[in-house]
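# Geometric and topological summary
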Amino acid sequence: MLELGCTSVDPGPDFVVNTYVFDEDYFYCHVEPQFIFGNNYKCGTGNGSDPANGCHFNASAVSGMALQTHPLVNCGGGDHPVDLSAIAQGTPARSNYEAVSLEMSNDYTSAALYVRPSGSNHPRQIFKPDDQTVNQVLSKWAALSQ
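Within each chain, residue numbers correspond to sequence positions counted from 1 in written order. Local features in this predicted model are restricted to residues of pLDDT 70 or higher, and side-chain atom pairs are both shown and tallied only at a pLDDT of 80 or more, whereas totals for entire chains, interfaces and linings draw on every residue. Note that water and hydrogens are dropped before the side-chain values are worked out from all heavy atoms of the structure.

### Some thoughts on the state of the cysteines
By convention in this document, the label disulfide applies to cysteine sulfur atom pairs within 2.5 Å. Taken as a whole and assessed by the stated rule, the structure comprises 1 disulfide. The disulfide that involves Cys 29 links it to Cys 75, with 1.9 Å between the sulfurs. Taking the sign of the torsion about the S-S bond as the criterion, the disulfide between Cys 29 and Cys 75, at about -85°, is left-handed. Here Cys 75 lies in the loop between helix 1 (24–36) and helix 2 (92–101) and Cys 29 lies in helix 1, a separation of 46 residues in the sequence. In this pair, the class of Cys 29 matches that of Cys 75, namely buried. Secondary structure elements follow DSSP: runs of H or I no shorter than four residues count as helices, runs of E no shorter than two count as strands, and numbering proceeds from the N terminus. Accessibility here uses a 1.4 Å probe with only protein chains present; expressed as a share of the type maximum, an area under 20% marks a residue as buried, one over 50% as exposed, and anything in between as partly exposed.

### Let's talk about the nonpolar core
In this structure, Phe 35, Ile 36, Met 104, Leu 113, Leu 138 and Trp 141 are the most contacted members of the largest nonpolar core, which totals 33 residues. Listing elements by their share of this core, those giving two or more residues are helix 1, helix 2, helix 3 (112–115) and helix 4 (132–143). Among the elements that line this core, the one with the most residues is helix 1, at 7 residues. In this description, contact between two residues means that some pair of their heavy atoms is separated by no more than 4.5 Å. The contact partners of Trp 141, leaving out residues within four places of it in the chain, are Phe 22, Asp 23, Tyr 26, Phe 27, Val 31, Tyr 97, Val 100, Ser 101, Met 104 and Leu 113. We define the nonpolar core as a collection of buried residues of types Ala, Val, Leu, Ile, Met, Phe, Trp, Tyr and Cys that are connected through side-chain atoms lying within 4.5 Å of one another.

### Quick look at helix 4
The terminal C-alpha atoms of helix 4 lie 16 Å apart, and with 12 residues this matches the ideal 16 Å at 1.5 Å per residue to within 8%. Taken together, the buried positions of helix 4 are Val 134, Asn 135, Val 137, Leu 138, Trp 141 and Ala 142. Those residues of helix 4 hidden inside the fold are in contact with helix 1, helix 2 and helix 3. Counted as a polar contact is a pair of N or O atoms within 3.5 Å, where, for protein atoms, one must be capable of donating a hydrogen and the other of accepting one, and residues adjacent in sequence contribute only when both atoms are in side chains. In this structure Asp 131 caps helix 4, since a side-chain oxygen of it lies 3.0 Å from the backbone nitrogen of Thr 133. Take the number of residues in a helix, subtract one, and multiply by 1.5 Å to get its expected span.

### Let's talk about the confidence of the model for the chain
When pLDDT is averaged across the chain, the result is 82; 75% of the residues are at 70 or more. Note that residues 1–10 has pLDDT below 50 and, in this model, 0 contacts with residues that lie over four places away or in other chains. For every residue, the predictor states its confidence as a pLDDT score lying anywhere from 0 to 100.

### Here we look at the pattern of salt bridges
Between Lys or Arg on one side and Asp or Glu on the other, a salt bridge is scored when a side-chain nitrogen of the former is within 4 Å of a carboxyl oxygen of the latter. Inspection of every chain in the model, using the stated rule, returns 1 salt bridge. Between Arg 94 and Glu 24 there is a salt bridge whose closest N-O contact spans 3.2 Å. Taken as a pair, Arg 94 in helix 2 and Glu 24 in helix 1 lie far apart in primary sequence, 70 residues in all. In this structure Glu 24 comes out as partly exposed when scored by relative accessible area, which is 27%.

What follows is the structure, given as structure tokens:
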């Protein structure tokens, strides 16, 4: 039997491995509810003029950062999830953390998570670069990176 396979894969000239680990608790308690699922931004569902599930809740509609809808993680009004089973490996919340982390950078103003939806190479502008909520949430998340 003849088996063919790759011995190496060329990731391209812009390939970067993110060396930062972003705080999971902060993501579940602040980034996801305030920014990703937030009423002003609607990264998953899009706005009323977008087709149903036409944004990040539809993996075939986006080239990156596919998200899954789920009930918000209960953080009890604080900074840490109350029920760790809600963020376990394989859960929609963990999948979202992993997808969004790939679009984040320790310099959040250069991260695709910030640059694209603020008006650069995105189907619509989700927020203006001076949006206080976005800047506060993402700058703190970046500061918590390791």
